[in-house]
Amino acid sequence: MAESRSEKLARLVRVQRQIERMAEFELSHTLRQQAETEATQDALVAAVGSFNPIHAAMSHQYAQRFQRLSARSQLLQGAKAVQERRMLTEKTKADRLSEHAEKAVEAEDRLSTDEILLDLLDASLQRRGSD
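From a predicted model like this one, the values you see are computed outputs, not experimental measurements.

In the predicted model, the protein carries a mean pLDDT of 92, and 98% of its residues have values of at least 70. The secondary-structure element of the protein with the lowest mean pLDDT is helix H2 (residues 53-57), recorded at 81, while helix H1 (residues 5-49) shows the highest, at 95.

Structure representation (structure tokens):
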């Protein structure tokens, strides 16, 4: 059975919305990782600033860990920017496909209405011709 154009576009809209949701999920995962990284950095800063002798003895390890976390934070910031652009792109694609699907449904409805009117006109003309 052949699918109509509107059905094909509706299926594409559903697929595109799923891709959009996947992009949103990736962005939310990156944001969670970034929040965890920032929380860890804050904890390290608090530990280095404390007067506890254990923390003072480990200040070198804390500094190294803070540098690694800073590098990770920068990577996550870049990934976040890329994922935000991707999410916007996927949303735009889905919106456009949705508009095309709506237009296809309208066109099919209009065609169906036109065919019904033509059938009525033909039936009316045949009835007049037979009278």
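Looking now at a nonpolar patch on the surface. Among the surface-exposed residues, Ile116, Leu117 and Leu120 lie close enough to one another that they form a single nonpolar patch of about 310 Å² accessible area. Looking at the element boundaries, Leu120 is found in helix H3 (residues 59-130).

Taking 1.5 Å of rise per residue, the 72 residues of H3 would be expected to cover 106 Å, and the 104 Å separating its terminal C-alpha atoms lies within 8% of that figure. Listed as buried for H3 are Tyr62, Leu69, Ser73, Leu76, Lys80, Gln83, Glu90, Ala94, Leu97, Ala101 and Ala104. Considering only its buried residues, H3 is in contact with H1 and H2.

It is at 7 Å that the axes of H1 and H3 come closest, and there the two elements cross at 160°. One way to sum up the angle between H1 and H3 is to call them roughly antiparallel. As for how H1 packs across H3, the hand of that crossing is left-handed. Classifying every residue of the contact of H1 with H3 by side-chain character gives 23 nonpolar, 14 polar and 15 charged.

A general trend in soluble globular proteins is that nonpolar side chains are found buried together. In terms of nonpolar packing, the biggest core is built from five residues, these being Leu9, Val13, Leu97, Ala101 and Ala104. Going through the elements one at a time, H1 and H3 are the ones with two or more residues in this core. It is H3 that provides the largest number of residues to this core, a total of three residues. Excluding anything up to four places from it in sequence, Leu9 contacts Leu97, His100, Ala101 and Ala104.

This part takes up the pattern of salt bridges. Taken as a whole and judged by the stated rule, the model has six salt bridges. For Arg17, the salt bridge identified is with Asp95, shortest N-O distance 2.9 Å. Here Arg17 is found in helix H1, whereas its partner Asp95 is found in helix H3, with 78 residues between them in sequence. On the basis of relative accessibility, which here comes to 24%, the residue Arg17 falls in the partly exposed class. Judged by relative accessible area, Asp95 falls into the partly exposed class, the value being 27%. Taking the shortest distance from any N to any O, the salt bridge between Lys91 and Asp95 comes out at 3.4 Å.

Rules behind the numbers
Residues numbered from 1 in each chain as written. Predicted model: local features only at pLDDT ≥ 70, side-chain atom pairs only at ≥ 80, totals over all residues. Heavy atoms only, no water. pLDDT = per-residue confidence, 0-100. Helix = DSSP H or I, 4+ residues; strand = E, 2+ residues; numbered from the N terminus. Patch = residues over 30% accessible without salt bridge, like charges linked within 9 Å, V, L, I, M, F, W, Y side chains within 5 Å. Areas by Shrake-Rupley, 256 points an atom, 1.4 Å probe, with all protein chains shown as cover. Salt bridge = Lys/Arg side-chain N within 4 Å of Asp/Glu carboxyl O. Expected span 1.5 Å × (residues − 1). Buried < 20%, exposed > 50% of the residue type's maximum accessible area, 1.4 Å probe, protein only. Contact = heavy atoms within 4.5 Å. Axes fitted to C-alpha atoms, helices over the stretch in contact; angles between N-to-C directions. Parallel < 35°, antiparallel > 145°, perpendicular 65-115°, else oblique. Left-handed = near helix turned anticlockwise from the far one by under 90°. Nonpolar A, V, L, I, M, F, W, Y, C, P; charged D, E, K, R; others polar. Core = buried A, V, L, I, M, F, W, Y, C linked by side-chain atoms within 4.5 Å.

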